[in-house]
Amino acid sequence: MKKKLLIAILALVFTAGFTAQLFAAGENKPVEMSADTIEYDSVQGIMKAQGGVRVTQENSVMTGDAAVYNTKTQEATITGGVKVVRDKTTLTAPTVVSRSNDHLIATGGAVLVSDDKTLQGEQIEYLADKQYAVVPGKATIVSRDATMTADHLEAFIGEDRAIAKGNVHIVSAEKKLDATSDLATYYGAKAAQNQGRVILTGNARAVQEGNVLTGNTLTIYLDDKAMNAQGRTKLVVIPQQTQSK
């Protein structure tokens, strides 16, 4: 049976392990899969790879321990320490399903790193062509000087913008800030005309250096320690203690 499989893909197989060359139907985008062993069912169009798997298409490289690729649907499932690198973005997870070169679903505890930001969640769905990622469950996004967690998060990476929903919590040790709200919209320096900010909406509360600001909508400016509030607000200021001479 193994000999038949090898004969079936003889035209696609090269030395130094097995390397299969194929093309995405209708798109003429070459896909290369290399591994220690590859088995190919030409009837079903299913290719299975084991050991040191590497799948390359255009400017994307996916690596892992094992992979199954459907040449008819162009869907690939890679498992075991999966790493996907595309341009300046890296996605890692125990399992990644590639529904096309641009649509990836990472599960089992996924981490997406792009520039100076890291997105984490049990599942991350990433549309590379749109530079868009969504975490449908518990999500964490870490920037240079703050960490934000929420029940659901959408990241518009190309726009340097993110929307967090449900139990939003922002912590910044550098700015001595702890803030919570129902909804938060993050604008990085690129998206906010060189002044990053976070807009908190719904049960918004921010504590900074002991001062407490609450309101319907709070805006926190990330480049300094400034905050402002809209709607009915309340500010509690803790006087700074002075040292006696």
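Relevant structure appears above.
Conventions used here
- Residues numbered from 1 in each chain as written.
- Predicted model: local features only at pLDDT ≥ 70, side-chain atom pairs only at ≥ 80, totals over all residues.
- Heavy atoms only, no water.
- Helix = DSSP H or I, 4+ residues; strand = E, 2+ residues; numbered from the N terminus.
- Buried < 20%, exposed > 50% of the residue type's maximum accessible area, 1.4 Å probe, protein only.
- 1 Å grid on protein atoms, 1.4 Å probe; cavity = no way out; pocket = protein on both sides within 12 Å on 5 of 7 lines; lining within 4 Å.
- Points joined across faces, edges and corners; volume = space filled by probe spheres on them.
- Nonpolar A, V, L, I, M, F, W, Y, C, P; charged D, E, K, R; others polar.
- Phe/Tyr/Trp six-rings, centres within 6.5 Å; stacked < 30°, edge-to-face > 60°.
- Lys NZ or Arg CZ within 6 Å of the ring centre and 35° of its normal.

## Points about the environment of glycine 196
Then, in step 1: Within the secondary structure layout, glycine 196 lies in the loop between strand S15 (177-187) and strand S16 (197-208).
Then, in step 2: The exposure class of glycine 196 is buried, given its relative accessible area of 4%.
Then, in step 3: Sequence separation between glycine 196 and isoleucine 220 is 24 residues; the distance between their C-alpha atoms is 8.7 Å.

## Focus on the layout of surface pockets
Then, in step 1: In this structure, the largest pocket encloses a volume near 570 Å³.
Then, in step 2: In this structure, the largest pocket is lined by 33 residues; those nearest its centre are Ser114, Asp115, Asp116, Lys117 and Asp160.
Then, in step 3: Going through the elements one at a time, strand S8 (103-114), strand S9 (117-127), strand S13 (152-156) and strand S14 (161-172) are the ones with two or more residues in the lining of the largest pocket.
Then, in step 4: By residue number, the principal contributor to the lining of the largest pocket is S9, which donates 4 residues.
Then, in step 5: Considered class by class, the residues forming the lining of the largest pocket number 13 nonpolar, 8 polar and 12 charged.

## With respect to the packing of aromatic side chains
Then, in step 1: Taken as a whole and assessed by the stated rule, the structure comprises 1 aromatic pair.
Then, in step 2: Judged by centre distance (5.2 Å) and plane angle (50°), the rings of tyrosine 132 and phenylalanine 156 are tilted. On the criterion of sequence distance, the pair formed by tyrosine 132 in strand S10 (residues 132-135) and phenylalanine 156 in strand S13 is long-range, its members being 24 residues apart.
Then, in step 3: The class for phenylalanine 156 is buried, based on a relative accessible area of 18%.
Then, in step 4: The lysine or arginine in question, arginine 161, covers the ring of phenylalanine 156, its NZ or CZ lying 4.0 Å from the ring centre.
Then, in step 5: Sitting over the face of the ring of tyrosine 187, arginine 197 holds its NZ or CZ atom 4.8 Å from the ring centroid.

Read these as spatial facts, not as claims about activity.
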